[in-house]
Amino acid sequence: RPPLAVDVGKSRVSAFLYFVSYKGLTVEEFSSFRDKLADNGARCHVLKNTLIRKAAANVGADSLVEFKLSGDTAVVFGAGDPGAVAKVVADFAKENEPIVVKGGFLDGDILSVEDVKAISDLPPREILLAQLLGVLEAPKRNMVTVLNNSVAQIVNVLSNYKDKLED
């Protein structure tokens, strides 16, 4: 299945899409929202729901074609970290009540409002990679600790035996 393609600058493929309702935002607030998204490698465009469905049909994103969008819709997209952008969207929605998350699209799957919230709660990608590295390194570290303790116990026994012989 081909990825959903949108213009994100030099790259033509978006890693994610988030749909938000923006009705009630002032121009300054919407500009501020776009600026915060741009800081995280994402963009935001207001699109008609029928245009979103037609674009999804053109790229074969059948699940997105079936996704029911209604009312005003701004599409947040980019090629960066989906978690960081979801956090920006969720935080901005907390600060500005007119922003309401409608859902999203990631890796060919539709995201519910709860899914977008869960993604926004994840730690940044770098921290997740560091945690994964820690999990992968733990068995080696534990094995070295056990082997060191075994060797230390043998040395202690031999040292005690030597001390006993000297007495």
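Details of the structure are given in the entry above.
Calculation criteria
Residues numbered from 1 in each chain as written. Predicted model: local features only at pLDDT ≥ 70, side-chain atom pairs only at ≥ 80, totals over all residues. Heavy atoms only, no water. Core = buried A, V, L, I, M, F, W, Y, C linked by side-chain atoms within 4.5 Å. Buried < 20%, exposed > 50% of the residue type's maximum accessible area, 1.4 Å probe, protein only. Helix = DSSP H or I, 4+ residues; strand = E, 2+ residues; numbered from the N terminus. Contact = heavy atoms within 4.5 Å. Expected span 1.5 Å × (residues − 1). Arc of directions from axis to C-beta. Salt bridge = Lys/Arg side-chain N within 4 Å of Asp/Glu carboxyl O.

Before going further, it helps to examine the nonpolar core. Counting residues in hydrophobic clusters, the biggest one holds 23 residues, and the most contacted among them are Y18, V20, F33, L37, V76, V85 and V89. Contributing elements (two or more residues each) for this core: β3 (16–21), α1 (27–39), β4 (42–46), β5 (74–78), α4 (82–95), β6 (100–106) and α5 (113–121). The biggest single contributor to this core is α4, with 6 residues. Residues within four places of V20 in sequence aside, it is in contact with F33, D72, T73, A74, V76, V89, I99, V100, V101 and K102. Ranked by size, the runner-up nonpolar core spans 12 residues in total, among them L17, A61, L64 and F67.

Turning next to the environment of K117. Tracing the backbone shows K117 in helix α5. Taking the C-alpha atoms as reference, K117 lies 16 Å from N96; in sequence the two are 21 residues apart.

Attention now goes to α1. Between its terminal C-alpha atoms α1 stretches 18 Å, which fits the 18 Å expected from 13 residues at 1.5 Å a residue. Of all the positions in α1, only F30, F33 and L37 are classed as buried. The buried residues of α1 occupy an angular sector of 55° when the element is viewed end-on, so they sit on one face. Structural note: α1 exposes V27, E28 and D39 on the side pointing more than 90 degrees away from its buried face. The first or second residue beyond α1 is G41, which carries a positive phi of 75°.

Before going further, it helps to examine the pattern of salt bridges. Think of it this way: side chains of opposite charge can pair up when their charged atoms draw near. Tallying each qualifying case throughout the model produces 5 salt bridges. For K117, the salt bridge is made with D121, and the minimal N-O distance between the two is 3.1 Å. Residue K117 and its partner D121 are both found in helix α5; the two are separated by 4 residues, about one turn of the helix. According to the relative accessible area criterion, K117 is partly exposed, its value standing at 40%. D121 gets classed as exposed once you look at its relative accessible area, which sits at 52%. One salt bridge connects E166 with K162, and the closest N-O pair in it is separated by 3.9 Å. On the criterion of helical spacing, the pair formed by E166 and K162 is a turn pair, its members being 4 residues apart in helix α6 (residues 125–166).

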